[in-house]
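Structural overview
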Amino acid sequence: MQATDIKDPDYFHKVVDCQWACPAHTPVPEYIRLIAAGRYADAFMINWKSNVFPGILGRTCDRPCEPACRRGRVEEEPVAICRLKRVAADYKGDVSDRMPPTPTTRNGKKIALVGAGPASLTVARDLAPLGYHLVIYDGDTRAGGMIRSQIPKFRLPEEVIDEEVGYITDMGPEMRLGQRVDSLKSLLNEDYDAVFIGSGAPRGRDLDLPGRQEAAANIHIGIDWLSSVSFGHITKIGRRVIVLGGGNTAMDCCRSSRRLGGDDVKVIVRSGFEEMKASPWEKEDAIGEDIPILNFLVPKEFKHHDGKLYGMTFEKVQAEYDARGRRKLVPTGEPDHFFECDDVLVAVGQENAFPWIERDIGIDFNEWDMPVVNETTFQSTEPRVFLGGDAAFGPKNIIWAVAHGHQAAISIHQFCQGTDVNDRPPPMVTLVSQKMGIHEWSYDNPVSPDLRFKVPHRNKTIALKDIKAEVELGFDDKLAFAEAQRCLNCDVQTIFTDNLCIECDACVDICPVDCITFTEDGEEAELRTRLMAPAHNLEQALYVSGHLKTGRIMAKDEDVCLHCGLCAERCPTGAWDMDRFLINVAQAENACCSK
C-alpha cells in the first residue's frame, strides 16, 4: 500500500467522525473540551461560527453527528453532542461584544434574500461583514422562518429564537418582513446583483380520500396547523385526535395536541415503527406523553355525519420483501380498522411551491417541478439566482439549511467579485502536538467509563398544562462536565514518524484495542485480514507508514482507535505523537476577493 498522506485535509477530518458527519462540519471535540473546561462562551462561538444557531440546534437538530460518534461503537449510546451544544448556549453569558460589528462601509453589491429562515439568515451572517447590502424578504412579520413557525415552544422557547436570530439581524441587513415576494422576474428586474432563495418547503401534502372535502373543517394540514398554534391563532383542539404521518412534524403535532385539550391522541402510520422518519428521541418523547403510535395502517376514509367528522377507517397492511430486498406493503386481509376522532392532523410530508417563479426567466425545473440547482455551488441555471435549504433539495433539518447557506454565500461572493463559483476555497487546517512532557498531554486523555447521562425533563403533569413550558431542562454544569468527559477526543490524532521507529512493538503491546500492527506490506484487502484486529469497516481508512528498517510497515486501524495516547506515552523514541487536528471549513470571508 501507499503510505498515508496525512497532509490531505480530508484524511484526518474523516477520522473525526462526528465532525465529518455534520453537514456544517462543526469542530465537535474542540467545543466539547471547552465545555469541560468551563469555557462556555468560547464553545458557543466555535458553534456560532460553524452552525450559526447553537441554542436552537442544541434543542432541535437531527443530530447526524451522534450516530457517527466513535463512543457509540463500544456502548449503546454515543456522546450527547447535541445537548452539550445547548450547554454552551445556556451558560455562555453575554457574547454580544464577540459578534461582528455592523459594517460601516458597503462594497457596492446588493443581494436579495427570499425567506427569513435558517438558510437565508446563514447567507446574511456570512455576507454582512463583507460589506454587502442585504435585503431579506419574508411574508411573516418576524424573522426565523420554520424555526419560529413550525417548532413548538415546548421544544424551542421564543427567547432563544429571538436571541440567535437577533445576532444576525443586528448585523445590518435590511429586513422587509411582512412583504411576500410574488414574482422572481420582478425581483430580478430591480437593482440586485444576485438573489438567494431560502423560502423553505412551505406546503404540506394532503390526502385525497373519501370524506376529505365534506369534513374539511376538522382536518388540518400539519405544518399549517403548527404555524397557527405558534402564532396564537389556534389555542384548542378536540378531545380525540388522530395524527397521520411518521416524521418529526407528526411528533410535534401530536405533542402539541396533548397540550391543547387532546386527551385521546394517537399517531397512525402506514410504515413500521423502525421505518418512521421521526428521530428516535422524538418518538420516545411522544410515547412518554402517553401517545400511542400505531403502525402498518393505511388511511382509507374520513367518516362524517353531514360534514361532522367522527372517525377514520384504515386498511391493515404488512411488509413483504422480494428477492432483491425491496419492500412493499400488502393488505393482510383483516377487516378495516376504525378509530373515533374529533380532529385529524395530516403530517404526511412537505413539498415545495414555486408559483412565484416564472418559467420564462432562464431557470430550469426538473421532473419534480423543482429548480435545477448545482449541488456544490447552489447556483441555478439563471446565474444570478442561488437556492439553499428546503427550497433547494426538499425538506431536511436546520443544520442542512445552515450548510447550504455557507456554501451559497461563498458562491454569491465569488459571483459578485467576478471569480469562478466552481473554484471552492480550501479549509483552514492546523495540526499541533499536544505533548507537555514525557507522559503528559494538554488534553484529558483517560477514557471515562460512564454511560450516557440523561437530560432532565420537566414533570409531565406540569409540562402538559402549558404549551410554552420547555420540556427538556438541559444539563447543569456538573452533568455537562461528566458527559463531556465521555468524548474520546477523536480530533487528537496519532502521528507516526517512520524514521524514529525502532520496531520494538511497545505500542502494539500497550494498545488497549489492538489497532496497531507491524507486518509485511500487501494489497489493502488482504492486509486488512492480517491486522491484530481485522479491520472490517471499509469506510474508514488504514493509517499506513512507509517501509521501516526491517521492510515491514506500520498499519493502524483508524476505525477502532480510542485516541488515548498510550502508544505515544509508551514509545521510547517519540515515533508516536498526539497532535490536535483542527479543520475549519471555508466560508465566504475566505474566498478570493479579486479576479
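These lines cover the structure that appears in this document, whether it is placed above or below. (Residues numbered from 1 in each chain as written. Predicted model: local features only at pLDDT ≥ 70, side-chain atom pairs only at ≥ 80, totals over all residues. Heavy atoms only, no water.)

1. Quick look at the pairing of strand β8 (residues 264-268)
Successive side chains on a regular strand alternate, one facing one side of the sheet and the next facing the other. Taking burial as the measure, the five residues of β8 include four buried ones, the bulk of the element. Examined bridge by bridge, strand β7 (residues 240-244) and β8 share five bridges and lie parallel to one another. If you follow isoleucine 242 over to β8, its bridge partner there is lysine 266. For the handedness criterion, the β-α-β arrangement of β7, helix α13 (residues 248-259) and β8 is classed as right-handed. Taken together, the two bridges between β8 and strand β9 (residues 293-294) define a ladder with parallel strand orientation. Its bridge partner being in β9, valine 267 is matched across the sheet by isoleucine 293. In the classification by handedness, the crossover that spans β8, the intervening helix α14 (residues 280-288) and the parallel β9 is right-handed. (Buried < 20%, exposed > 50% of the residue type's maximum accessible area, 1.4 Å probe, protein only. Helix = DSSP H or I, 4+ residues; strand = E, 2+ residues; numbered from the N terminus. Pairing = 2+ DSSP bridges. Right-handed = clockwise from strand over helix to strand, strands pointing away.)

2. Considering the sheet that holds strand β20 (residues 492-496)
Within the open sheet, the three strands sit side by side as β17-β24-β20. Their pairing is antiparallel. Each of the sheet's edge strands pairs with one partner strand only, and the pair in question is β17 (428-433) and β20. With strand direction ignored, the average angle separating the axes of adjacent strands in the sheet is 35°. Where β20 lies against strand β24 (residues 576-584), five bridges are found, and the strand directions are antiparallel. Across the sheet, residue isoleucine 495 finds its bridge partner in β24, namely aspartate 577. (Axes fitted to C-alpha atoms, helices over the stretch in contact; angles between N-to-C directions.)

3. Some remarks on the sheet that holds strand β23 (residues 553-557)
If you trace the three strands from one edge of the open sheet to the other, you get β21-β23-β22, paired in antiparallel fashion. Where the open sheet ends on each side, the last strands, each with one partner, are β21 (516-519) and β22 (542-544). Direction aside, neighbouring strands of the sheet carry axes that sit 25° apart on average. Sheet topology places β21 next to β23; four bridges connect them, and they run antiparallel.

4. Thoughts on the pattern of salt bridges
One pass over the full model with this rule turns up 54 salt bridges. Residues glutamate 75 and arginine 71 are paired through a salt bridge, measuring 2.8 Å at the closest nitrogen-oxygen approach. The pair formed by glutamate 75 and arginine 71 is uniform in burial state, with each residue classed as buried. Between glutamate 483 and arginine 486 there is a salt bridge whose closest N-O contact spans 2.8 Å. In this pair, the class of glutamate 483 matches that of arginine 486, namely buried. One connected set of salt bridges, linked through shared partners, spans Arg142, Arg148, Lys153, Glu158 and Asp162. (Salt bridge = Lys/Arg side-chain N within 4 Å of Asp/Glu carboxyl O.)

5. Concerning the nonpolar core
In terms of nonpolar packing, the biggest core is built from 66 residues, with Phe53, Leu184, Leu187, Val195, Ile197 and Ile412 touching the most fellow members. At nine residues, the largest contribution of residues to this core is made by helix α16 (residues 398-417). In terms of nonpolar packing, the next biggest core, distinct from the first, is built from 57 residues, Val16, Leu34, Phe44 and Val508 among them. (Core = buried A, V, L, I, M, F, W, Y, C linked by side-chain atoms within 4.5 Å.)

6. Digging into the packing of aromatic side chains
According to the stated counting rule, one finds 14 aromatic pairs in the structure shown. Both rings, one in tyrosine 40 and one in tyrosine 91, keep their centres 5.3 Å apart while their planes meet at 40°; by these two values the pair is tilted. Taken together, the residues tyrosine 40 in helix α4 (residues 40-51) and tyrosine 91 in helix α7 (residues 81-91) connect sequence positions 51 residues apart. Clustering of aromatic rings is evident, with ring pairs tying together Tyr11, Phe12, Tyr543 and Phe581. (Phe/Tyr/Trp six-rings, centres within 6.5 Å; stacked < 30°, edge-to-face > 60°.)

7. Side note on the environment of leucine 84
Looking at the secondary structure, you find leucine 84 in helix α7. Setting aside anything within four residues of it in sequence, one finds leucine 84 in contact with Tyr31, Ile32, Ile35, Val79, Phe475, Ala480, Glu483 and Ala484. (Contact = heavy atoms within 4.5 Å.)

8. Observations concerning the pairing of strand β14 (residues 343-346)
The side-chain alternation of β14 yields two buried faces, one formed by Asp343 and Leu345 and the other by Val344 and Val346. By the bridge criterion, three bridges tie strand β6 (residues 219-221) to β14 in an arrangement that is parallel. Paired with histidine 220 across the two strands is leucine 345, which belongs to β14. Across four bridges, the pairing between β7 and β14 is parallel. The residue of β14 that forms the bridge with valine 241 is aspartate 343.

9. Re the layout of surface pockets
Put simply, the second largest pocket is a space of about 630 Å³. Lining the second largest pocket are 31 residues, with Pro23, His25, Gln407, Val585 and Ala586 positioned closest to its centre. For the lining of the second largest pocket, the elements supplying multiple residues, two or more each, are α1 (9-15), α4, α16 and β24. Ranked by the residues each element gives to the lining of the second largest pocket, the list is headed by α16, at six residues. For the lining of the second largest pocket, the class distribution of residues is 16 nonpolar, ten polar and five charged. (1 Å grid on protein atoms, 1.4 Å probe; cavity = no way out; pocket = protein on both sides within 12 Å on 5 of 7 lines; lining within 4 Å. Points joined across faces, edges and corners; volume = space filled by probe spheres on them. Nonpolar A, V, L, I, M, F, W, Y, C, P; charged D, E, K, R; others polar.)

10. Observations concerning α7
Of all eleven residues in α7, nine are buried; the element is thus mostly enclosed. Within α7, the full set of buried residues consists of Ile81, Cys82, Arg83, Leu84, Lys85, Arg86, Val87, Ala88 and Ala89. In the stretch just after α7, glycine 93 is the one whose phi turns positive, near 80°.

11. Quick word on unusual backbone geometry
Even without being glycine, arginine 63 reaches a positive phi, approximately 60°. Inspection of the secondary structure puts arginine 63 in the loop between α5 (54-60) and α6 (65-68). For arginine 63, a relative accessible area of 5% corresponds to the buried category. Within the chain, aspartate 514 stands out as a residue other than glycine whose phi angle is a positive 55°.

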